[in-house]
Structures are given as C-alpha cells and as structure tokens.
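Examination of the molecular architecture
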Amino acid sequence: MAAASEVDLLVVGGGMAGLTAAARAALLGARVLLVERGPTLGGSGIYAGFIWTAPTHEVMGEVNPEGDPALRAALVDGFAGAVEWIRSLGVECRDAVPVLRYGRGHQLDTGQYIGLCERIVRERGEVLTEADTTDLLSEGGAVTGGVVRLAGGTRTVRAGATLLATGGFQADPALRAELIHPAARDVELRSNPGSRGDGLRLARSVGVEVEPDGAGFYGHLIPAGVSLSDPALFVDLALYYSEHALLFNLAGERFVDETVGDHLTTSALMAQPEARGLLVADARVYREWITGSYVAGIPGIDKFALARRRGARCAIAESTAEFADMPEEWGYDGARIGAAIDEINKSGRAPDPDRRYDPAPLTEPPFYVVEARPAVTFPFTGLRIDVHTRVLGADGRPVPGLYAAGADAGGLYRGAYAGGVAPAVVFGLAAADAVAGAHV
C-alpha cells in the first residue's frame, strides 16, 4: 500500500534549479520534499563554474530578441539578488568579469553551493534519491502532488505546489530528434545523463505541452569522434575559439557568422549535412585563443593538442595550398576550402556571411584544422512559464499547483543564450518565493 504525506512544495529534480527552490523554500518555513532520480544531487550544475547573464535589459534584448520579454526582464532584474543569495550561504562569488562578448558574471564553487543547499533541505525538509516521480496527482485541473516510486514501494505525496526541475530532455535521443533536430539524435551529450525528459513527460500526463519546438539548444562544438563520457572533458574539449576561426561544411562552404558565438555556431552546424564541419584557425588564433584563457580566471589549455591526443581528426597545414591534399576519406572539398581562405585573406574580410565581431583574416600560417561536431548541453524548448515560474496551459493561464524551472522551463531563450546557472537560480528562487508566500 502506498504511504501518503503532506508538504507545501514537492520538488522533482535535484539540480541547480530544484535545489535552489527547495533550500530557499525550506528557509522560508515551507515543508519541502525533494525527489531526485539519481544517487546524488547537483545535476549538470556540478560541471559549471560561473553564474552570468546579460548585464542590462538592452543587451539581453539585443542578444536574445525572440525570448519572452517578461522572462528576459525577470532574469536581468533577479541576477543581483541571485548572487546575494549565493553569498548569503557562505559561497564565494568572485568579482564580476566579462563573459563572452556581452555578459558579466561571477566565478563560484558550484559544488560548495550544491552541498550547502542540500544540507539545508535535509535539515529542514526531506530528500529522496534514487526515486522516480512516476505520476502527477490532479484534481479539478489543479496539480496536487505526485506519486514517487522507491526501492521499497510507492509513496503518494500531497503537495500544495509541485515544481518540475528535472534538467530537460537532452539525455533522451528520441526527444532530441523530435524537439531539437533529427541530427541531434546521434550527437554527444555534454550534460547530466539523467536528464531524460521526466518533467516534460509528467507535464504532458496532465495535459500540458511544451512550447513549440525550434527554440534551439545550448551546446558547444567539440572535436568529432571524441567521446564526452568523462564529464571532466566538457570544458576542456569545447572549441570555444571557433568565434575567431572559420568553419566549413562538407561542400567547403561557410554557412554562419562564426563570430556571433560558439554556442550559436554549434546550432548552425547541427543543420548542415552530417552535422560536421572543418574548423580552421591560423597561428594568431592558436596563440591568442586556442591556448589562451576563454574567461578571466580560468587557466588556458591547448585545445588543439588535447583533441589530437584524444584521436580527433586534426591536421596542421603549412599553407592554404596543402588543403587540396586533404585525405579523400575526410569527405571535404579541401581545394575549395583553401581557395576560400585565400579569397578572404586577399580581400581582408569574409564575404557573406560576414564576420561582424572579428573580421580579421587568417593570414599567419600554419593553419590548425579540427573536424568539429555539435554537442548538446540542454534544450531551450520546455514548459511555458510566467515570471513566478507557474506553468501555463494552452489557454495561457497558470495551471494551479504546477511550477517549472531550469531546463524544464521554456520561453526564456530562443536561438540565443545568456547563461544557464543564472536562470536556474533566479527562477528557482522565484518559485520558492511564490510557494512560500502562498502557504503563509
């Protein structure tokens, strides 16, 4: 027989968003139960080291014009409070530094933050690990809790509010193919392997659908043929320097302005034939970006050398003429690529697509060539929410009792990105504040 319990907040998922909401709600006096399907808490947040986003509404609107305006504003407005909350727990957030070309953020020990949130929830509430939330309870159109499957049976949890924060669906190949791109089925996962779409499935079970697909995803280029089974390689193998290099598809054509950001180039490559391309840099880019620090405070690493050691398809060409000798089995039109580089160098700028943020040509041999593939970190498609993280139904009204945060929530980003940890914390706090205010 299933046991029953009463809580103010049932949190499904123990990643950054879920832990933030659970800890904040517990400190505000709410009765909290956090359920995590994995053996430990933290989700993909354990791999992060920065909290950052766009510094102003204007910048956010510029880099993320198709995102929901209210959610965009809530993220920018809530960022300072999120940093203050993290520091209030005793976690050091270092001074703000530039992130990418448009963001500002703080380096922090996310492992320490996750551990402190977990301790708060365990001391003031309850945590269940290796537990699946199999169903949501629903009465009269309102979500009233869930059913949790444990090793010893099931547990029925009656809850005033239920927060879905399972981390997205990126670990499910079928959902990646359905909601991101057909080619996404077979790409590498740069994320927590436990994020298999549980939040989406639970929401669908009570009649809530995800926002329309096509919103895109956050990820990075990685060397093709290299496994990301070791999470320690998530950052080391990411080819962030693509913003200063040239990327060619199998036909030997450029197809994107690489300088807008590696994360956007990654999305563009997903739609190219076989979702692979050749990333070409010269000696200047190698010296300044491939071996340099991507963000202030993070040591640089020779990403080309690491890719080569890991068995990726790499080459060093002493001249553009050598591109014509590219091995046939690689499948690229090497002569066309070499000629394209020569044309850019001759004219001093790239033709369409333009390189608006770094127009410098690749004039300094040798050339460093790596075959690149997209890797998915988390999707932007998710459940529609308002600024209080209440899940919205098809009619645009909040579904009573149902909330979503983190990668389970959609609408914030569409074909753009301005941080992942920041919205997890900002909207995790918003969910807790909304629930705690409702139960007082």
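For the structure, see preceding data.
Here is a short report on the structure shown in this document. (Residues numbered from 1 in each chain as written. Predicted model: local features only at pLDDT ≥ 70, side-chain atom pairs only at ≥ 80, totals over all residues. Heavy atoms only, no water.)

On to the nonpolar core, then. Residues Val32, Ile51, Ile86, Tyr113, Leu163 and Val425 are the most contacted members of the largest nonpolar core, which totals 102 residues. The element that contributes the greatest number of residues to this core is helix H12 (residues 421–439), accounting for 10 residues. What leucine 163 contacts, discounting residues up to four positions off in sequence, is Leu9, Leu10, Val11, Val12, Ala21, Tyr403, Ala404, Ala405 and Ala431. Judged by nonpolar contacts, the second largest core, of 44 residues, contains Leu233, Phe234, Leu237 and Ala372. (Core = buried A, V, L, I, M, F, W, Y, C linked by side-chain atoms within 4.5 Å. Buried < 20%, exposed > 50% of the residue type's maximum accessible area, 1.4 Å probe, protein only. Helix = DSSP H or I, 4+ residues; strand = E, 2+ residues; numbered from the N terminus. Contact = heavy atoms within 4.5 Å.)

Scanning the model with the defined rule gives 23 salt bridges in all. The partner of arginine 284 in a salt bridge is glutamate 288, with the nearest N and O atoms 3.6 Å apart. Here arginine 284 pairs with glutamate 288, and both are found in helix H9 (residues 283–290), just 4 residues apart, close to one helical turn. A residue is classified by how much of its surface remains accessible, and glutamate 288, at 41% relative accessible area, is partly exposed. A salt bridge links aspartate 386 to arginine 390; its shortest N-O distance comes to 2.7 Å. Here the salt bridges do not stand alone but share partners, grouping Arg37, Asp132, Arg149, Asp198 and Arg201 into one network. (Salt bridge = Lys/Arg side-chain N within 4 Å of Asp/Glu carboxyl O.)

We now examine the packing of aromatic side chains. Scanning all chains against the criterion turns up 13 aromatic pairs. Between tryptophan 52 and tyrosine 102, the ring centres sit 5.9 Å apart and the planes meet at 55°, which makes this aromatic pair tilted. Of this pair, tryptophan 52 sits in strand E3 (residues 50–53) while tyrosine 102 sits in the loop between strand E4 (97–99) and strand E5 (103–107); the two residues are 50 residues apart in sequence, bridging distant segments of the chain. Residue classification places tyrosine 102 among the buried positions, given a relative accessible area of 9%. Across the ring face of tyrosine 357, the terminal group of arginine 101 is positioned such that the distance to the ring centre comes to 3.7 Å. (Phe/Tyr/Trp six-rings, centres within 6.5 Å; stacked < 30°, edge-to-face > 60°. Lys NZ or Arg CZ within 6 Å of the ring centre and 35° of its normal.)

Here the focus is helix H3 (residues 69–88). Taking 1.5 Å as the rise per residue, H3 with 20 residues should run 28 Å; its terminal C-alpha atoms sit 29 Å apart, in good agreement. The largest bend along H3 measures about 45° and falls at glycine 78. Where H3 starts, the residue carrying a side-chain oxygen 2.9 Å from the main-chain nitrogen of alanine 70 turns out to be aspartate 68. (Expected span 1.5 Å × (residues − 1). Bend = angle between axes of the 7 residues up to and from the residue. Polar contact = N/O pair within 3.5 Å; in protein donor to acceptor, adjacent residues only side chain to side chain.)

The residue after aspartate 352, namely proline 353, is reached through a cis peptide bond having omega -5°. Looking at the element boundaries, proline 353 is found in the loop between helix H11 (334–347) and strand E15 (367–379). The residue after proline 365, namely proline 366, is reached through a cis peptide bond having omega 5°. In this structure, glutamate 130 is a non-glycine residue whose phi angle is positive, near 50°. When you line up the elements, glutamate 130 lands in the loop between strand E6 (126–128) and strand E7 (132–139).

Right, let's talk about H11 for a bit. For H11, with 14 residues, the first-to-last C-alpha span of 20 Å sits near the 20 Å given by 1.5 Å per residue. Of all the residues in H11, the buried ones are Gly334, Ile337, Gly338, Ile341 and Ile344. The arc that holds every buried residue of H11, seen down its axis, measures 125°, which confines them to one face. Those residues of H11 that are buried are in contact with strand E12 (246–248), strand E13 (277–281) and E15. (Arc of directions from axis to C-beta.)

Moving on: the side chain of aspartate 282. Relative to the helices and strands, aspartate 282 resides in the loop between E13 and H9. It turns out aspartate 282 is buried and unbridged, and the closest side chain with the opposite charge, arginine 284, is 4.5 Å from it. Among the polar contacts made by the side chain of aspartate 282, one reaches the main-chain amide nitrogen of arginine 284 at a distance of 3.2 Å. Polar contacts involving the side chain of aspartate 282 include one to the main-chain amide nitrogen of threonine 363, which spans 3.2 Å. Not counting residues within four places of it along the chain, the set of residues in contact with aspartate 282 comprises Pro361, Leu362, Thr363, Glu364, Pro366, Phe367 and Tyr368. (Lys, Arg positive; Asp, Glu negative; His and termini not counted.)

Further remarks concern the pairing of E5. Across a regular strand the side chains alternate sides, sitting on one face of the sheet and then on the other. Along E5, 4 of the 5 residues are buried, which leaves the element largely enclosed by surrounding structure. Across 4 bridges, E3 lies against E5 in antiparallel orientation. Its bridge partner lying in E5, phenylalanine 50 is registered against glutamine 107. The pairing of E4 with E5 spans 3 bridges and is classified as antiparallel. Residue valine 97 lies in a different strand from E5, and its bridge partner there is glycine 105. Where E4 folds back onto E5 in an antiparallel hairpin, the turn is made up of 3 residues, including leucine 100, whose phi is positive at roughly 55°. (Pairing = 2+ DSSP bridges.)

Within this structure, the stated rule accounts for 0 disulfides. Sulfur of cysteine 93: no disulfide; nearest cysteine sulfur belongs to cysteine 117 and is 12 Å away. (Disulfide = S-S within 2.5 Å.)

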